[in-house]
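One-letter residues, chain by chain:
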Amino acid sequence: MPVMTSPIMSESDLREAVTRELPGVRADLERLVRIPGIAFEGFDHSHVERSAEAVAELLRGCGLDVEVARAGGQPAVIGRRAAPPGAPTVMLYAHHDVQPIGDRALWESDPFEPVERDGRLYGRGAADDKAGIMAHVAALRAFGDQLPVGVVVFVEGEEEYGSDSLERLLAEHRDKLASDVIVIADSTNWDVGVPALTTSLRGIVNCFVEVRTLDHAVHSGMFGGAVPDALTTLVRLLATLHDDAGNVAVQGLVAREGASVDYPEDRFRVEAGLADGVRLFGSGRITDRLWTKPALAVLGIDAPATGEAPNALVPTAKAKLSVRLAPGDEPKRAYAALREHLERNAPWGAQVEITFEHDGAPCVIDASGPMFDAARSAFRTAWDGTDAVEIGVGGSIPFIATFQEMFPQAAILVTGVEDPHARAHGPNESLHLGEFARVCLAEALLLARVAQTRSGVNP
Ligand code: BES
Ligand code: MN
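The rules behind the values
Residues numbered from 1 in each chain as written. Chains lettered and ligands numbered in written order. Predicted model: local features only at pLDDT ≥ 70, side-chain atom pairs only at ≥ 80, totals over all residues. Heavy atoms only, no water. Phe/Tyr/Trp six-rings, centres within 6.5 Å; stacked < 30°, edge-to-face > 60°. Buried < 20%, exposed > 50% of the residue type's maximum accessible area, 1.4 Å probe, protein only. Lys NZ or Arg CZ within 6 Å of the ring centre and 35° of its normal. Donors = N, O, S within 2.8 Å, 3.2 Å for Na, K, Ca; no water. Helix = DSSP H or I, 4+ residues; strand = E, 2+ residues; numbered from the N terminus. Axes fitted to C-alpha atoms, helices over the stretch in contact; angles between N-to-C directions. Left-handed = near helix turned anticlockwise from the far one by under 90°. Contact = heavy atoms within 4.5 Å. Near = heavy atom within 4 Å. Areas by Shrake-Rupley, 256 points an atom, 1.4 Å probe, with all protein chains shown as cover. Nonpolar A, V, L, I, M, F, W, Y, C, P; charged D, E, K, R; others polar. Domains from an automatic or database assignment. Salt bridge = Lys/Arg side-chain N within 4 Å of Asp/Glu carboxyl O. Expected span 1.5 Å × (residues − 1). Bend = angle between axes of the 7 residues up to and from the residue. Buried area = accessible area lost by both parts, 1.4 Å probe. Polar contact = N/O pair within 3.5 Å; in protein donor to acceptor, adjacent residues only side chain to side chain. Pairing = 2+ DSSP bridges.

Asker: Any chance you could explain the packing of aromatic side chains here in plain terms?
Answerer: Two measures describe an aromatic ring pair: the distance that separates the ring centres and the angle between the ring planes. Under the counting rule described, the total for this entry stands at 12 aromatic pairs. Ring centres 5.7 Å apart and planes at 85° place the aromatic pair phenylalanine 379 and tryptophan 383 in the edge-to-face group. Comparing phenylalanine 379 with tryptophan 383 shows no difference in burial state: the two are buried. One aromatic cluster is present, formed by Tyr93, Phe154, Phe399, Phe403 and Phe407 through successive ring pairs. Over the ring of phenylalanine 407 we find arginine 174, and its NZ or CZ is 5.0 Å from the ring centre.

Asker: When you look at the coordination of the manganese ion (ligand 2) in this model, what are you seeing that I'm missing?
Answerer: Reference values for angles at a metal are 109.5 degrees in the four-donor tetrahedral case and 90 or 180 degrees in the six-donor octahedral case. His95 (NE2), Asp128 (OD) and Asp186 (OD) make up the full set of protein donors to the manganese ion (ligand 2), lying at 1.9 to 2.1 Å. All donor residues of the manganese ion (ligand 2) come from one chain, and their arrangement in sequence is H-x32-D-x57-D. You can see histidine 95 sitting in strand β3 (residues 89-95) and its partner aspartate 186 sitting in strand β7 (residues 181-188), a full 91 residues away along the chain. Look at aspartate 186 and you get buried, because its relative accessible area is 9%.

Asker: Where do I start with the packing of helix α1 (residues 11-33) against helix α3 (residues 130-143) in this structure?
Answerer: The contact between α1 and α3 brings their axes to 8 Å, and the two run at 145°. For the element pair α1 and α3, the recorded crossing hand is right-handed. Every residue of α3 that contacts α1 at Leu14, Ala17, Val18, Arg20, Glu21, Gly24, Val25, Asp28, Leu29, Leu32 and Val33 is listed here: Lys130, Ala131, Ile133, Met134, Ala138, Arg141, Ala142 and Phe143.

Asker: Hey, could you run me through the site of ligand 1 in this one?
Answerer: Taken together, 17 residues lie near ligand 1, and Glu159, Asp186, Arg324, Ser396 and His425 sit nearest. When ligand 1 is considered free in solution it has 510 Å² of accessible area, and contact with the protein chains removes 90% of it. Split into classes, the residues belonging to the shell around ligand 1 amount to four nonpolar, seven polar and six charged. Three or more residues apiece are contributed to the shell around ligand 1 by two domains, here domain 1 (11-201 + 363-455) and domain 2 (203-255 + 294-360).

Asker: Which parts of the structure should I look at to understand the pattern of salt bridges?
Answerer: Between side chains of opposite charge, a pair can form as their charged atoms come close. For the structure on display, the rule yields 30 salt bridges. Between aspartate 191 and arginine 267 there is a salt bridge, with the nearest N and O atoms lying 4.0 Å from each other. Pair noted here: aspartate 191 is in the loop between β7 and β8 (196-201) and arginine 267 is in helix α8 (residues 265-272), with a separation of 76 residues, a long-range link. Glutamate 340 is the salt-bridge partner of arginine 344, the closest N and O atoms lying 3.7 Å from each other. Taken together, the residues arginine 344 and glutamate 340, both in helix α10 (residues 331-344) and four residues apart, mark about one turn of the helix.

Asker: In this structure, what is going on with α1? I would like to understand it.
Answerer: For the α-helix, the turn length of 3.6 residues means that residues three or four positions removed from each other point alike. In this model α1 runs 30 Å from its N-terminal to its C-terminal C-alpha over 23 residues, within 8% of the 33 Å that 1.5 Å per residue would give. Most pronounced at leucine 22, the bend in α1 amounts to some 40°, and the proline proline 23 follows within four residues. Within α1, burial applies to Leu14, Ala17, Val18, Glu21, Val25, Asp28, Leu29, Glu30, Leu32 and Val33.

Asker: Where do I start with the domain arrangement of the protein chain in this structure?
Answerer: By a widespread convention, an interface's size corresponds to the accessible area lost as its parts come together. Looking at the assigned domains, one finds that the protein chain contains domain 1 (11-201 + 363-455) and domain 2 (203-255 + 294-360). Relative to domain 2, the C-alpha centre of domain 1 lies at a distance of 36 Å. The partner domain 2 presents eight residues to the 11 residues of domain 1 that form the contact. Taken together, the two surfaces of domain 1 and domain 2 that pack against each other cover about 670 Å², and 54% of this comes from carbon and sulfur. Here domain 1 and domain 2 share zero salt bridges between them. The tally of links from domain 1 across to domain 2 stands at two residue pairs in polar contact (both at pLDDT 80 or more). A breakdown of the residues in the side of domain 1 that touches domain 2 according to their chemical character gives five nonpolar, five polar and one charged.

Asker: Hey, could you run me through the sheet that holds strand β14 (residues 351-360) in this one?
Answerer: Whenever strands of a sheet pair, they do so through backbone hydrogen bonds, lying parallel or antiparallel. Strand order in the open sheet formed by four strands is β11-β13-β9-β14, with antiparallel pairing between adjacent strands. Because the sheet does not close on itself, it has two edges, and the strands there are β11 (295-302) and β14. Across the sheet, the mean angle from the axis of one strand to that of its neighbour is 20°, orientation sign disregarded. Across nine bridges, the pairing between strand β9 (residues 203-212) and β14 is antiparallel. The residue bridging valine 205 from the neighbouring strand is aspartate 359, located in β14.

Right, dumping it as structure tokens:
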């Protein structure tokens, strides 16, 4: 009997290969979760180094040429394997740094000791975005030496801290990074059992505002009534940032309507964990509020802790603000608008000092063309016939706008490992393991279809 060898692995072979690889992928994911690599200032960055090295080792194991690269910031990992003749090159993006854990007491288990409960793997970064890294590794392992495309794996090390050195890093390695398609495994799916293709993300501006009303703290009885304390002043300033309906009141930010999907309020309330009786704020459809309008939140305040506060008027108080920018907005302009608002609204002539933390541009992706069709088809197969929903997300991935500018021709497929219950950035972050298996299969199928698309064979 003649032996027919197909140059591209079949769907059933890929299914089998992914299933075979999953236990090892899961074990390596757990290994990554044990490394607390946080790029924020004030954290021990040796863990970010260790995490970069662990990722580098995984990529070497997939037969890639690997380097750990940096441009003044935290280490990124770049792994490459050349394309077979005529085949496209696909960039696979993820990030290996994670958010801080916040209040440890709110975690039901050690954030850096992964454990499975009810089909979910708990741990900081288990979803965002170490599962993204492992989805890429799973697809590469499934193909083994039969990888039908060239790959550039780019795993960033400071995404959660604003990607400050990213532009320089990308510019310095530009030639190595050129690719026809890019898969960004750092977003979310629409629901458990329903995949998504992300086509817009909001931008972000983070800054600090510090208010001063006094040179030093004074007795609250002796001076209170005539002297505004800094904390009351700050709270009043913060209250000007929204109107009574809860819409952002800073003038000059882009706000649009027209999100493609509805997010039913009852489902949204449950997924957000909204407390009984609390009304949503802002106006318009929920998806518009989340995806195409700005949002503004106070993330933290430095002020005396209540248990230790003396009867004294506070001289200074500081808040951290975060503005999410609608697609079409521009971070530098938005920051200027916010500064102007804060300076103009300072109550009682208080001194206001504003300092920038970081920003990231929003983005919109036109999901038409053969590569997007290849992704939709891969998703449909991996989710047993369920079509991907095209979604926006309210979160930010600064890398995308930077990359779009550098390589305007590349098709950008924003996929994800998260689901609405993943609690990324919060306590008890987790990954749905059943969905993760589908994500891994979808990515392997996607690479096969991308290879077929380019060579003119119908996927
Ligand atoms: N994975 C998220 C982006 C995301 C959030 C996608 C929600 C889909 C849904 C990413 O890692 C992230 O959190 N980015 C930061 C970026 C910021 C620090 C510039 C964010 O959005 O806070
Ligand atoms: Mn992420």
